[in-house]
Amino acid sequence: MQKIHQIKYKNKKIKIYWCKLNDCFAVYDPNYYTLHIRNDLNNKDLAKTIYHELWHIIAVINKKEIIKIGEEKTAELAEEFYTLFKQNPKLRKFLNDLY
Ligand SMILES: [Zn+2]
């Protein structure tokens, strides 16, 4: 499987590093726009981890604090997955291949 190395979202580029992580599956750093992902995850954990991290990326780049904004606004942010996947056909294919 071809690993991906960046995610574009709005006017940002997030660089992806595949590496060893001991205490978590992935880390998104909003200050440096980097995403470190463990390189030893099975497909299911990897897909779940990517969705989880995409959600962090959407929330941070749209400057929302998820806990404070409530259910409807959170649901609105989830619609941003459309924009993210539209800008990243390779990521779309990568995730599909994990199923
Ligand atoms: Zn998290």
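About the thresholds
- Residues numbered from 1 in each chain as written.
- Predicted model: local features only at pLDDT ≥ 70, side-chain atom pairs only at ≥ 80, totals over all residues.
- Core = buried A, V, L, I, M, F, W, Y, C linked by C-beta atoms within 7 Å.
- Buried ≥ 20, exposed ≤ 12 C-beta atoms within 10 Å, placed from the backbone.
- Helix = DSSP H or I, 4+ residues; strand = E, 2+ residues; numbered from the N terminus.
- Contact = placed C-beta atoms within 7 Å.
- Pairing = 2+ DSSP bridges.
- Axes fitted to C-alpha atoms, helices over the stretch in contact; angles between N-to-C directions.

S.K.: Quick question: what am I supposed to make of the nonpolar core here?
M.R.: Generally speaking, a soluble globular protein has its nonpolar side chains buried in company with each other. Grouped together as the largest cluster of nonpolar side chains are 11 residues: Ile7, Ile14, Ala26, Tyr28, Leu35, Ile37, Leu46, Ile50, Leu54, Ile57 and Ile58. Examining the composition of this core, we find that 5 residues originate from one element, helix α1 (residues 43-61), more than from any other. Apart from the residues within four sequence positions on either side, Leu46 is in contact with Leu41 and Leu98.

S.K.: What should I look at first to understand the sheet that holds strand β3 (residues 26-29) in this one?
M.R.: The 4 strands lie next to each other as β1-β2-β4-β3, forming an open sheet whose pairing is mixed. This sheet does not close on itself; its edge strands, each paired only once, are β1 (6-9) and β3. With strand direction ignored, the average angle separating the axes of adjacent strands in the sheet is 20°. Relative to strand β4 (residues 34-38), β3 is paired through 4 bridges, and the arrangement is antiparallel. Looking at the pairing, Asp29 lines up with Thr34 of β4. Across the face of the sheet, α1 comes into contact with β1, β2 (12-19), β3 and β4 while running at roughly 15° to β3.

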